[in-house]
Amino acid sequence: MTGIIEDDSVKGLSVDIPPELRNDDFSRYLIDRMHQLEERNHILREQNHKIESEKRYAESQKIKFERDLRTLTNELERLKTSPLIVGTIVEVLENGKLIVRSSTGPQFVVGMSKFIKGSDLEPGAQVAMNQQTLAIVGVLPTSISALLKGVEVIESPDVDYVHIGGLDDQIRELREAVELPLTKPEAFTRIGIDPPNGVLLYGPPGTGKTMLAKAVANHTNTTFLRIVGSELVQKYIGEGARMVRELFKLAQDKTPSIIFIDELDSIGAKRYDGATAGDREVQRTLMQLLAEMDGFNSRGEVRLLAATNRLDILDNALLRPGRFDRFIEVPIPNQEARANILGIHTRNMALSKTIDFNYLAKITEGANGSELKAIATEAGMFAIRKDKDQVEVEDMECAISKVLFTKNSSNTVSEGMFV
Ligand SMILES: Nc1ncnc2c1ncn2[C@@H]1O[C@H](COP(=O)(O)OP(=O)(O)OP(=O)(O)O)[C@@H](O)[C@H]1O
Ligand SMILES: [Mg+2]
């Protein structure tokens, strides 16, 4: 029996068995002891379990922290690297070298990293260069030049001809002058004439000029580059002219395209002697525009469209044949057109059946398109205020007197302000 105690399995148990227990009692004692040991074993196993799961957790934490460390080290590296210089490729030479104009002005002959695909390196592409060696380390995406921030590139605007009321003649003329050369250039070749070079929309504010331009773009499925003339007036000398150049280049890259210069009068005003430095800069921008208009091929897929409120102050050079040679007047709507426009802007509104657009058109003499739109919205507001389900004639009348009265009174205020 003592042999059992000295057995390996219970080694370490230094039990001193008293002689009187070496019989039945002794076996009971052993069973007890075994129970105790089993319990202890159980506890130890549980602890082991716990520690192992803690170890697993610690390991996963370690992996996580290592990952964090890596990202932070990368970030630190990124922050510590010196900035790259932006340049534009001027020419690709045969020996693998390139001529690059850096953004500060001077030109350099530089090498490039071998990881760059040769096909990306075209003259005009923007590249990033190392500061010390000026070697090209990357090609920048040239979706739109940084210079042309003010240009709105609308792939296809959501205005349609049916949303424009009372301008059917203008729409027809515009389509002939802008759409036809894009969709049927062969018709012009057949007859042997050049389509109009540039089309100028002119007329009082709020009559739908900008809308017309957008509708054309929508119909022709072209890239529509819209820039407001005042965006071309820049702080530094020569920058406006450069923007004009880039604008035409961008249009050329994205053919078929329509360039739309809104509010042309801001750069196209008559040139005169004795101008200030600022005026001279605006005139330089205008001259660049004239040069670009001469340069681009009228049968090409770039059409030029502009809009202005003030035809009378535009420079004569802009208005001669060969530049803007098609003028489309967008007048204040007449009675029929007003009825049409009201119909367009109320097409989604809940209207009472008694509303007669002809009557409304009669009492809105002198209102332009944007005022008619405001009237429609205002009538809706009146109906909402009175908690009605639909807009009635009286709401329309209230809206008309509100919108047109505000217009008239603001006119008198502004006239009075400058006496
Ligand atoms: N003929 C029209 N048919 C329908 N809506 C019109 C019409 N004319 C103007 N509108 C409404 O007036 C708003 C302003 O029109 P738009 O921006 O085309 O005017 P604009 O002639 O370009 O004015 P501005 O000379 O001040 O730039 C349009 O968003 C449209 O809701
Ligand atoms: Mg406009």
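Up top is the structure.
Here is a short report on the structure shown in this document.

### Observations regarding the overall build of the protein
Argument step 1. Scanning the protein from terminus to terminus reveals 13 helices and 11 strands.
Argument step 2. Here the protein, with 419 residues, has 29% of them falling under the buried criterion.

### Quick notes on the pairing of strand E10 (residues 302-308)
Strand residues, when the strand is regular, have side chains that alternate between the two faces of the sheet.
Argument step 1. Summarising burial for E10: seven of the seven residues are buried, a large majority.
Argument step 2. Of the two faces of E10, the one holding Val302, Leu304, Ala306 and Thr308 and the one holding Arg303, Leu305 and Ala307 are both buried throughout.
Argument step 3. Where strand E7 (residues 198-202) meets E10, five bridges bridge the pair, whose relative direction is parallel. Within E10, the position partnered with Tyr202 by the bridge is Thr308.
Argument step 4. Note: strand E9 (residues 257-262) against E10, five bridges, orientation parallel. Following the sheet pairing, Ser257 is matched in E10 by Val302.

### A closer look at helix H12 (residues 369-385)
Argument step 1. A rise of 1.5 Å per residue sets the reference length of H12, with its 17 residues, at 24 Å; its end C-alpha atoms lie 24 Å apart and thus fit the reference within 8%.
Argument step 2. For H12, the full list of buried residues reads Gly369, Glu371, Leu372, Ala374, Ile375, Ala376, Glu378, Ala379, Gly380 and Ala383.
Argument step 3. Positive phi shows up at Asp387, right after H12, with a value of about 60°.

### Focus: the pairing of strand E4 (residues 126-129)
Argument step 1. Taking every second residue as pointing to the same face, the buried face of E4 carries Val127 and Met129, while none of Gln126 and Ala128 on the other face is buried.
Argument step 2. Note: strand E1 (residues 85-92) against E4, four bridges, orientation antiparallel. Pairing of Gly87 across the sheet is with Val127, part of E4.
Argument step 3. Relative to strand E5 (residues 136-139), E4 is paired through three bridges, and the arrangement is antiparallel. Paired with Met129 across the bridge in E5 is Ile136.
Argument step 4. Between E4 and the antiparallel strand that follows it, E5, lie six residues; Leu134 among them carries a positive phi value of about 60°.

### Quick word on the nonpolar core
Argument step 1. Counting 49 residues, the largest nonpolar core has Leu212 and Ile259 as the members making the most contacts within it.
Argument step 2. Apart from residues no more than four positions distant in its own chain, Ile259 is found in contact with Leu225, Leu247, Ala251, Val302, Leu304 and Leu305.
Argument step 3. Among the nonpolar cores identified, the runner-up in size contains 19 residues, and Leu351, Ala376, Val391 and Met396 belong to it.

### Quick notes on the packing of helix H10 (residues 335-345) against H12
Argument step 1. Between H10 and H12, the shortest axis-to-axis distance is 9 Å and the interhelical angle comes to 45°. Here H12 runs oblique to H10, going by the angle between their axes. For H10 against H12, the interelement crossing comes out right-handed. Contact residues: H10 offers Arg338, Ile341, Leu342 and His345, while H12 offers Gly369, Leu372, Lys373 and Ala376.

### Some thoughts on the packing of helix H3 (residues 168-183) against helix H5 (residues 209-220)
Argument step 1. Following both chains from N to C, one finds H3 and H5 inclined at 40°, their axes separated by 10 Å at the closest point. Here H5 runs oblique to H3, going by the angle between their axes. Of the two possible hands of crossing, H3 and H5 adopt the one that is right-handed. Residues Gln170, Ile171, Leu174, Val178, Glu179, Leu182 and Thr183 of H3 form the contact with H5, whose own contacting residues are Leu212, Val216, His219 and Thr220.
Argument step 2. Here the residues of the contact of H3 with H5 sort into six nonpolar, four polar and one charged.

### Re unusual backbone geometry
Argument step 1. Phi is positive for Leu134, which is not a glycine, with a value near 60°.
Argument step 2. Relative to the helices and strands, Leu134 resides in the loop between E4 and E5.
Argument step 3. The class of Leu134 is partly exposed, set by 17 C-beta atoms lying within 10 Å.
Argument step 4. In this structure, Asp387 is a non-glycine residue whose phi angle is positive, near 60°.
Argument step 5. Relative to the helices and strands, Asp387 resides in the loop between H12 and helix H13 (393-417).

Reading guide: rules and limits
- Residues numbered from 1 in each chain as written.
- Chains lettered and ligands numbered in written order.
- Predicted model: local features only at pLDDT ≥ 70, side-chain atom pairs only at ≥ 80, totals over all residues.
- Helix = DSSP H or I, 4+ residues; strand = E, 2+ residues; numbered from the N terminus.
- Buried ≥ 20, exposed ≤ 12 C-beta atoms within 10 Å, placed from the backbone.
- Pairing = 2+ DSSP bridges.
- Expected span 1.5 Å × (residues − 1).
- Core = buried A, V, L, I, M, F, W, Y, C linked by C-beta atoms within 7 Å.
- Contact = placed C-beta atoms within 7 Å.
- Axes fitted to C-alpha atoms, helices over the stretch in contact; angles between N-to-C directions.
- Parallel < 35°, antiparallel > 145°, perpendicular 65-115°, else oblique.
- Left-handed = near helix turned anticlockwise from the far one by under 90°.
- Nonpolar A, V, L, I, M, F, W, Y, C, P; charged D, E, K, R; others polar.

In short, shape yes, function no, at least from these values alone.
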